[in-house]
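Breakdown of the fold
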Amino acid sequence: MTDAKNADLRRKAAEQLPLAFTHDPANGRDDLLVADPLSAAVKIVDSWPNWPSPVVILAGPIGSGKSHLASIWSERCGAVHIHPVAGSDAAVAAASGPVVFEDVDRLGFDDTELFHVINSVRENGNSLLMTSRLWPMSWPVTLPDLRSRLKAATVVEIGEPDEELLSQVIVKLFADRQLYIDDKLVLYIVNRMERSLNAAQLIVDRLDRLALARGTRITRLLAAEVLNELGSPGQPD
């Protein structure tokens, strides 16, 4: 095996090693980036406890900021995380204070238990925040009374992120890692990436790891490599 092939294999092996370094993302309210796709959801979270209804549902695509908003709201009001399945104490928790149920469409629920949770919230003057990729009309609900309760909830849609928001998010994600890159490179990435906050997270994480593994700066060439790897058209100009 040639020296070049050996070097290439060592480089690829190093890139696959898990890194010991960690970073702490800034997830507080002051760190939230507000743009048009998020504005309605941010407004409803900020307006608590003066909600138009006791139950609010944030609906939006994966990586759209639902979890960040739920975390902000939970910290503000001391909400308890619940999963309304048969045999759980979700309804009891809902009687005691604010509760949050994330990833409704992914985790699933028991119709009767969620119905009791909503009733408990309404009867005790508390609040329930739910997050989902799907609108409640698409949830597999068979209990008519629960369907009626969900129709009375306030549903707030989070749209797909625009170019401005994606740029801000990428800058923030790099700043969380104490990395600062050129605005032109940010724009290069945004113009070629999938339009989702989840994709932004994946791209920044991969760029950070790859640059550390190779001992290089984050450049346009490296960004093109990562974008191609993730299935985005990232060929350098």
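How each quantity is defined
- Within each chain, residues carry numbers counting from 1 in the order of the written sequence.
- Reporting in this predicted model follows two pLDDT cut-offs: at least 70 for local features of residues, and 80 or more for side-chain atom pairs to be given and counted; totals over whole chains, interfaces and linings ignore these cut-offs and use all residues.
- Remark: hydrogens and water are excluded; side-chain values derive from all non-hydrogen atoms of the structure.
- For helices the rule is a DSSP run of H or I covering at least 4 residues; for strands it is a run of E covering at least 2, with both sets numbered from the N terminus onward.
- Here's how the labels work: a residue is buried when its accessible area is under 20% of the maximum for its type, exposed when over 50%, partly exposed in between, all with a 1.4 Å probe on protein chains only.
- It only takes one pair of heavy atoms within 4.5 Å for two residues to be counted as in contact.
- Reported accessibility uses the Shrake-Rupley method at a 1.4 Å probe radius. Residues are deemed covered only where the shown protein chains occlude them.
- Basic side-chain nitrogens of Lys or Arg form a salt bridge, by our definition, when they fall within 4 Å of a carboxyl oxygen of Asp or Glu.
- Buried Ala, Val, Leu, Ile, Met, Phe, Trp, Tyr and Cys residues that are joined via side-chain atoms within 4.5 Å together make up what is termed a nonpolar core.
- When DSSP finds two or more bridges between a pair of strands, those strands are recorded as paired.
- Under this scheme, a helix contributes an axis fitted over its contacting stretch, all axes are lines through C-alpha atoms, and angles between N-to-C directions fall in the 0 to 180 degree range.
- Scored between 0 and 100, pLDDT is the confidence that the predictor attaches to each residue.
- Under the convention used throughout, the expected extent of a helix is 1.5 Å for every residue step, that is, one less than its residue count.

A count of helices and strands for the protein gives 11 helices and 5 strands. Relative to its full complement of 237 residues, the protein shows a buried share of 44%. Of the contacts made within the protein by residues no fewer than 6 positions apart, 73% connect residues no fewer than 24 positions apart. Summed over all atoms, the accessible surface of the protein reaches about 12,600 Å², with 52% contributed by carbon and sulfur.

Counted according to the given criterion, the structure contains 9 salt bridges. One salt bridge in this structure joins Arg106 and Asp103, with 2.8 Å as the shortest N-O distance. The exposed category is assigned to Arg106, whose relative accessible area is 52%. Arg177 is the partner of Asp205 in a salt bridge, and the nearest nitrogen-oxygen pair spans 3.5 Å. Residue Asp205 is located in helix α10 (residues 197–214), and its partner Arg177 is located in the loop between α8 (163–176) and α9 (183–190); the two are separated by 28 residues in the primary sequence. Residue Arg177 is classed as buried on the basis of its relative accessible area of 10%.

This part is about the nonpolar core. In terms of nonpolar packing, the biggest core is built from 45 residues, with Ile170, Ile189, Met193 and Leu207 touching the most fellow members. Of all the elements in the fold, those that place two or more residues in this core are α2 (36–46), β1 (55–59), α3 (66–77), α8, α9, α10 and α11 (220–229). Of all the elements, α10 adds the most residues to this core, at 8 residues. Among the nonpolar cores identified, the runner-up in size contains 23 residues, and Ala93, Leu114, Met130 and Val141 belong to it.

What follows deals with the sheet that holds strand β4 (residues 128–132). Strand order in the open sheet made by the 5 strands is β2-β3-β4-β1-β5, with parallel pairing throughout. Unpaired on one side and paired on the other, β2 (80–81) and β5 (154–157) mark the two borders of the sheet. Taken together, the 2 bridges between β2 and strand β3 (residues 99–101) define a ladder with parallel strand orientation. Counterpart to His81 in the pairing with β3 is Val100. Taken strand by strand, α3 contacts β1, β2, β3 and β4, and its axis lies near 165 degrees from that of β4.

Per-residue pLDDT for the protein has a mean of 84; in total, 82% of the residues score no lower than 70. pLDDT under 50 marks residues 4–35. Its contacts with residues more than four places away, or in other chains, come to 45 contacts.

Let's shift gears to α3. Its 12 residues place the ends of α3 17 Å apart at the C-alpha level, agreeing with the 16 Å of an ideal helix rising 1.5 Å per residue. Every buried residue of α3 is listed here: Lys66, His68, Leu69, Ala70, Ile72, Trp73, Ser74 and Cys77. Where α3 ends, the next residue or the one after it, Gly78, has phi of about 70 degrees, a positive value.

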